[in-house]
Amino acid sequence: MEYAEKLVWLRRYRESQKVERELVQELEQLRSQAERITPVLSATPGGGGNGQQLPAIVERIEDIRSQMTERIEQGLTARTEIAEAIDQLTDVQELEILRRRYLLGQQWEQIAQEVHLNRRWTTKLHKRAVEKLKIEAER
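Bear in mind the structure is a predicted one, so any value in this text is a computation, not a measurement.

Parameters at a glance
Residues numbered from 1 in each chain as written. Predicted model: local features only at pLDDT ≥ 70, side-chain atom pairs only at ≥ 80, totals over all residues. Heavy atoms only, no water. Phe/Tyr/Trp six-rings, centres within 6.5 Å; stacked < 30°, edge-to-face > 60°. Lys NZ or Arg CZ within 6 Å of the ring centre and 35° of its normal. Helix = DSSP H or I, 4+ residues; strand = E, 2+ residues; numbered from the N terminus. Buried < 20%, exposed > 50% of the residue type's maximum accessible area, 1.4 Å probe, protein only. Contact = heavy atoms within 4.5 Å. Core = buried A, V, L, I, M, F, W, Y, C linked by side-chain atoms within 4.5 Å. Salt bridge = Lys/Arg side-chain N within 4 Å of Asp/Glu carboxyl O.

Undergrad: How should I be thinking about the packing of aromatic side chains in this particular structure?
TA: The description of two aromatic rings rests on the distance between their centres and on the angle between their planes. Enumeration over the complete set of coordinates arrives at zero aromatic pairs. In this structure, Arg79 packs its charged tip against the face of Tyr13, placed 5.8 Å from the ring centre. Taking NZ or CZ as reference, Lys127 lies 5.3 Å from the ring centre of Tyr3, over its face.

What follows is the structure, given as structure tokens:
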């Protein structure tokens, strides 16, 4: 696997978490929308709705819950695979840089500060570490 392909592979977990957060936001918006809908209890004509808004929202909520469950499972699988690949490194600094970047999602400045290196040296060690990774093609 080439360097660029390894980066894409390593980013899977963080991207999965981003999608999870977006689904949670959408779910919260739908729940809020569903709570604002009140059923018509009067036989008096009024309101232009067809009475199907609430069932449609409930159906959408269930779809999102299903998507969230699937995304969480994918994220956990990706995290496990990435952690296993990173744990194969023998250099403690390289291992720490990759863990902070791909599992914790830290920015370069924060990583450099935590490992007591300057940003430039941190990114050089990162590249060297990624190149050392042995990632099975089937992953």
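Undergrad: Honestly, the side chain of Glu94 in this entry has me stumped. Any pointers?
TA: Tracing the chain through its elements places Glu94 in helix 4 (residues 92–103). What makes Glu94 buried here is its relative accessible area of 0%. Filtering out sequence-adjacent residues up to four positions away, Glu94 remains in contact with Leu89, Leu125, Arg128, Ala129 and Lys132.

Undergrad: What am I meant to see in the nonpolar core here?
TA: One recurring pattern in soluble globular proteins: nonpolar side chains tend to sit buried together. Counting residues in each nonpolar core, the largest one holds 18 residues, and the members touching the most others are Trp9, Leu10, Ile82, Leu89, Leu98, Tyr102 and Leu133. The leading source of residues in this core is helix 3 (residues 53–87), at five residues. With residues near it in sequence (within four places) discarded, Leu89 still touches Glu94, Leu95, Leu98, Ala129, Lys132 and Leu133. Formed by eight residues, the second largest nonpolar core is a distinct cluster that contains Leu23, Leu27, Ile61 and Met68.

Undergrad: Got a minute to help me understand the environment of Val115 in this structure?
TA: The residue Val115 is located in the loop between helix 5 (108–114) and helix 6 (119–132) in this model. Residues Val115 and Glu94, 21 residues apart in the sequence, show an inter-C-alpha distance of 9.7 Å. What Val115 contacts, discounting residues up to four positions off in sequence, is Gln93, Glu96, Ile97, Arg100 and Thr122.

Undergrad: Could you clarify how one ought to interpret the pattern of salt bridges in this entry?
TA: Close approach of charged atoms allows side chains of opposite charge to pair. Here the structure, examined in full by the defined rule, presents nine salt bridges. The partner of Glu62 in a salt bridge is Arg65, and the shortest N-O contact between them spans 3.0 Å. In this pair, Glu62 and Arg65 are both assigned in helix 3, three residues apart and thus about one turn of the helix distant. Between Glu114 and Arg100 there is a salt bridge whose closest N-O contact spans 3.7 Å. On the criterion of sequence distance, the pair formed by Glu114 in helix 5 and Arg100 in helix 4 is long-range, its members being 14 residues apart.

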